[in-house]
Amino acid sequence: MLKDKKIVLGVTGGIAAYKAVELLRLYVKVGAEVFVVMTRSAQQFVTPLTFQTLSGNPVHTELFDLFQENEIGHISLADRADLFVVAPATANVVGKVASGIADDLLTTTIMATKAPVLFVPAMNVNMWENPLYRQNEEKLKGFGYRFMEPVSGALACGWEGKGKLPDPSAIFEETLALLAPHDLAGETLLVSAGPTREELDPVRYLSNYSSGKMGYAIARAARQRGARVILVTGPTCLQAPCGVEVHQVRGAGQMHQTILAEQGAASILIKAAAVADYRPAVKADDKIKKNAAETMTLVLEKNPDILAELGQLKGGRILVGFAAETSDLVDNARKKLERKNLDLIVANDVSLPDAGFDVDTNIVRLLFKDGRVEELPRMSKDEVANRLLDRIVELKGQKVEGRR
Ligand code: CTP
């Protein structure tokens, strides 16, 4: 989404200025063109040369030094921007913009741009809580400027509290959200992700190779497109996307309970989790010891089929399942779609390289209730997530049309 986009990155004078370097690298990595504007104080923390080297573009610092190619510098930067990100944003810069003061290159350019502006404040906790600052932030929000909340923790000034710049990857995600179509605004999307762990004794469990990446990609993309997102996740080592409500579960039983408790709020339900079909009939209280016998038999009992239950409860809502198969992909997936009363099923052949469990890409087919099949090429799980959400938006539109 950021490929070939022109981002103006404003860096102001706070200790977190060094993190803007990492943010710049994330933008450059996905093919965005970045123009850095630094305030005078920012240059006390990081040199313009660092940003210049990594962005491949001259760094802009002075208001009256920028008559390039017969253009007025700050206006040309302001016009060129698809997006404006100020990270870190000090209380000073927020206060100046809120008061309409444009006395340096950065504030002038912010005032002159028509592009969306995202402020990412970082400051001492008492400054952040100061009613003067709060009022400035609220005023700017009222005019459509976007803000990210600082993170709590140990601050460079010695205080503990809210004031840290969020992780560059979180700022990157928020940037995507700013550009994404907000076609899921007003929707609540519940998505399940990851494996389940079925406990055998205090030290062992049955599980599968699911990494959770597909479900997390859906949660992230849906949140970027404006949905409220509830993520019910089995154990994974992934970081939950910003702004998503997360419920951590272990076994299929707990996933079942959590999803049933949360599903009422959702208008779109997606089951991307790899749920164990069976669990050990008995969970031993103590570690199971080996004995003289050469074999051991485990008795398993069936877990509830959560998706099939949602199929009974769904009403007019959109319900999407996944089918991980190793043979007869379309046939097996179609049967699941019908048996579980789904609107759409994402079928993937997990035996293919670059598809299925624990990789960053997927090769899927989308099977619709009306018999259509859409074959997608190999793409990243983020892209698959967005393609799936495009189709869900279309299905929602058709349902609304159908009701008219
Ligand atoms: N699913 C579920 N609860 C289960 C098993 C599966 O909600 N107990 C959901 C999965 O999240 C997925 C879909 O059902 O969206 C299909 O899962 P899959 O394991 O492919 O199919 P099963 O119905 O379990 O059938 P089988 O294992 O025989 O292929």
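Since the structure is predicted, the reported quantities are computational estimates derived from the model, not experimental observations. (Residues numbered from 1 in each chain as written. Predicted model: local features only at pLDDT ≥ 70, side-chain atom pairs only at ≥ 80, totals over all residues. Heavy atoms only, no water.)

Undergrad: Even after reading the chapter, I still don't get the site of the ligand, so can you show me in this structure?
TA: Taken together, 15 residues form the shell around the ligand, and within it Lys271, Ala273, Asp277, Lys336 and Lys340 come nearest. Taking Leu307, its main chain carries an N or O atom lying 2.8 Å from an oxygen atom of the ligand. Backbone polar atom of Ala324 to an oxygen atom of the ligand: 3.5 Å apart, as the coordinates give it. Notes on the ligand: free accessible area 560 Å², of which the protein chains cover 79%. Only helix H12 (306–313), strand S18 (318–325) and helix H13 (329–339) provide two or more residues apiece to the shell around the ligand. The leading source of residues in the shell around the ligand is S18, at 4 residues. Looking at the shell around the ligand residue by residue, the classes come out as 8 nonpolar, 1 polar and 6 charged. (Near = heavy atom within 4 Å. Polar contact = N/O pair within 3.5 Å; in protein donor to acceptor, adjacent residues only side chain to side chain. Areas by Shrake-Rupley, 256 points an atom, 1.4 Å probe, with all protein chains shown as cover. Helix = DSSP H or I, 4+ residues; strand = E, 2+ residues; numbered from the N terminus. Nonpolar A, V, L, I, M, F, W, Y, C, P; charged D, E, K, R; others polar.)

Undergrad: What's the story with the domain arrangement of the protein in this structure? I'm lost.
TA: Note on interface size: it is often stated as the accessible area lost on association of the parts. Its domain assignment divides the protein into domain 1 (6–179) and domain 2 (188–282 + 297–402). Interface of domain 1 and domain 2: buried area, both sides summed, is about 490 Å²; carbon and sulfur atoms make up 47% of it. For domain 1, the biggest contributors to the area lost against domain 2 are Glu173, Glu174 and Ala177; these three give 70% of the whole. At the surface where domain 1 touches domain 2, the tally comes to 1 salt bridge. Put simply, Arg223 and Glu174 hold a salt bridge, and the shortest N to O gap is 3.1 Å. The interface formed by domain 1 and domain 2 holds 2 residue pairs in polar contact (both at pLDDT 80 or more) in total. Grouping the amino acids of the side of domain 1 that touches domain 2 by side-chain chemistry returns 3 nonpolar, no polar and 2 charged. (Domains from an automatic or database assignment. Buried area = accessible area lost by both parts, 1.4 Å probe. Salt bridge = Lys/Arg side-chain N within 4 Å of Asp/Glu carboxyl O.)

Undergrad: Got a minute to help me understand the pattern of salt bridges in this structure?
TA: Side-chain pairs of opposite charge can arise whenever the charged atoms involved come near each other. Applying the stated criterion across every chain yields a total of 29 salt bridges. A salt bridge links Asp360 to Lys213; its shortest N-O distance comes to 3.1 Å. Here Asp360, found in the loop between strand S19 (344–349) and strand S20 (361–362), pairs with Lys213, found in helix H10 (residues 213–224); they are 147 residues apart in sequence, far enough to count as distant. With relative accessibility at 23%, the residue Lys213 sits in the partly exposed group. With a shortest N-O distance of 3.8 Å, Arg387 and Glu374 are connected by a salt bridge. Taken together, the residues span a long stretch of sequence, with Arg387 in helix H14 (residues 381–403) and Glu374 in strand S22 (residues 373–375) at a distance of 13 residues. Arg387 sits in the partly exposed class, given a relative accessible area of 29%. The buried category is assigned to Glu374, whose relative accessible area is 18%. Salt bridges sharing partners connect three or more residues here, namely Arg134, Glu137, Glu138 and Lys141. (Buried < 20%, exposed > 50% of the residue type's maximum accessible area, 1.4 Å probe, protein only.)

Undergrad: Would you take a moment to explain the sheet that holds strand S7 (residues 146–147) for this structure?
TA: Sheet strands pair by backbone hydrogen bonding; their relative direction is either parallel or antiparallel. Strand order in the open sheet formed by 5 strands is S2-S1-S5-S6-S7, with parallel pairing between adjacent strands. Taken across any chain shown, the strands that pair with only one partner, and hence form the sheet edges, are strand S2 (33–38) and S7. Relative to S2, strand S1 (residues 6–11) runs parallel, the two being bridged by 6 bridges. Bridging from a neighbouring strand, Gly10 pairs with Val37 of S2. The sheet contacts of helix H6 (residues 105–112) involve S1, S2, strand S5 (83–89) and strand S6 (117–121), and relative to S5 the element is tilted by about 145 degrees. Docked against the sheet, helix H9 (residues 168–179) engages S5, S6 and S7, running at close to 150 degrees with respect to S5. (Pairing = 2+ DSSP bridges. Contact = heavy atoms within 4.5 Å. Axes fitted to C-alpha atoms, helices over the stretch in contact; angles between N-to-C directions.)

Undergrad: How should the packing of aromatic side chains be read in this particular structure?
TA: For any pair of aromatic rings, the description consists of the separation of the ring centres together with the inter-plane angle of the planes. Applying the stated criterion across every chain, the model contains 3 aromatic pairs. Between Tyr27 and Phe172 the ring centres are 5.9 Å apart and the planes differ by 35 degrees, which places this aromatic pair in the tilted class. Taken as a pair, Tyr27 in helix H1 (residues 17–29) and Phe172 in helix H9 lie far apart in primary sequence, 145 residues in all. Residue classification places Phe172 among the buried residues on the basis of a relative accessible area of 15%. A centroid spacing of 5.0 Å and a plane angle of 20 degrees characterise the contact between Phe119 and Phe147, whose relative ring orientation is stacked. Taken together, the residues Phe119 in strand S6 and Phe147 in strand S7 connect sequence positions 28 residues apart. You can call Phe147 buried: its relative accessible area is 12%. Taken together, Phe119, Tyr145 and Phe147 form an aromatic cluster joined through their ring pairs. A cation over a ring is seen here: Arg80 above Phe35, with NZ or CZ 4.7 Å from the ring centre. (Phe/Tyr/Trp six-rings, centres within 6.5 Å; stacked < 30°, edge-to-face > 60°. Lys NZ or Arg CZ within 6 Å of the ring centre and 35° of its normal.)

Undergrad: Explain unusual backbone geometry here, please?
TA: Among all residues save glycine, negative phi is the norm, and among peptide bonds the norm is trans. Look at the link from Ala87 to Pro88: it is a cis peptide, with omega at -5 degrees. For Asp4, which is not glycine, the phi dihedral falls at a positive 65 degrees. Residue placement: Asp4 occurs in the segment before S1. Of the residues examined, Asp4 reaches a relative accessible area of 53% and is grouped as exposed.

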